[in-house]
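Given next are the chains, with one letter for each unit.
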Amino acid sequence: MSHTLAPRPYDLTGRRILLTGAAGGIGRSTARLLAELGAELVLTDRAEAPDLIDGLETGGRSHRFLTCDVTSRREIDA
């Protein structure tokens, strides 16, 4: 019996997504999924996460991580 991979449910190629809370468990899992589906990511969290980008599929895309507390207007403006 031959197994084939199921088609992707979504194709996010060409989309740029801002994901807040990216350094935590759910955020990291979400970032991995979005990258696998083809999105270019801008990731933020209050905590630094230097290893987060390294674990993401790039496919030629340029993901970015910014340390930012999105509850702080001053940090958002900066």
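A. Just the overall build of the protein, in detail. When its secondary structure is counted, the protein shows two helices and three strands. From first element to last, N terminus to C terminus, the protein shows the α and β order β-α-β-β-α. Within the protein, the proportion of its 78 residues that are buried is 31%. The contacts in the protein between residues at least 6 apart in sequence include a share of 36% that link residues at least 24 apart. On the protein, roughly 5,700 Å² of surface is accessible, and the fraction owed to carbon and sulfur atoms is 53%.

B. Just the pattern of salt bridges, in detail. As enumerated under the stated definition, the model contains three salt bridges in all. Residue Arg-73 pairs with Asp-77 through a salt bridge whose shortest N-O separation is 3.3 Å. One end of the pair, Arg-73, and the other, Asp-77, are both in helix H2 (residues 73–77), four residues apart, so they sit about a helical turn from each other. For the residue pair Arg-73 and Asp-77, the accessibility class agrees, reading exposed in each case.

C. Main features of the nonpolar core. One finds Ala-31, Leu-41, Leu-43 and Leu-56 to be the most contacted residues of the largest nonpolar core, which totals 14 residues. Among the secondary structure elements, those contributing two or more residues to this core are helix H1 (25–36) and strand E2 (40–45). The biggest single contributor to this core is H1, with three residues. Leu-56 has contacts with Ala-31, Arg-32, Ala-35, Leu-41, Leu-43 and His-63, leaving out every residue within four places of it along the chain.

D. Examining H1 more closely. The terminal C-alpha atoms of H1 lie 17 Å apart, and with twelve residues this matches the ideal 16 Å at 1.5 Å per residue to within 8%. When we look at burial in H1, the residues that qualify are Gly-27, Ala-31, Leu-34 and Ala-35. Projected down its long axis, H1 shows its buried positions confined to an angular sector of 95°, all on one face. When the buried face of H1 is taken as reference, the exposed residues oriented beyond 90 degrees from it are Gly-25 and Ile-26. Check the buried side of H1 and you find it contacts strand E1 (16–20) and E2. Just past H1, the residue Gly-38 takes up positive phi, approximately 105°.

E. Layout of the sheet that holds strand E3 (residues 64–67). Judged by pairing direction, the sheet is parallel, and its three strands sit side by side in the order E1-E2-E3 without closing on themselves. Of all strands in the sheet, those with a lone pairing partner are E1 and E3, marking the two edges. Neighbour-to-neighbour, the strand axes of the sheet open up by a mean angle of 15°, direction not taken into account.

Definitions and limits used
Residues numbered from 1 in each chain as written. Predicted model: local features only at pLDDT ≥ 70, side-chain atom pairs only at ≥ 80, totals over all residues. Heavy atoms only, no water. Helix = DSSP H or I, 4+ residues; strand = E, 2+ residues; numbered from the N terminus. Buried < 20%, exposed > 50% of the residue type's maximum accessible area, 1.4 Å probe, protein only. Contact = heavy atoms within 4.5 Å. Areas by Shrake-Rupley, 256 points an atom, 1.4 Å probe, with all protein chains shown as cover. Salt bridge = Lys/Arg side-chain N within 4 Å of Asp/Glu carboxyl O. Core = buried A, V, L, I, M, F, W, Y, C linked by side-chain atoms within 4.5 Å. Expected span 1.5 Å × (residues − 1). Arc of directions from axis to C-beta. Pairing = 2+ DSSP bridges. Axes fitted to C-alpha atoms, helices over the stretch in contact; angles between N-to-C directions.

Interpretation in functional terms is not warranted from these geometric data alone.
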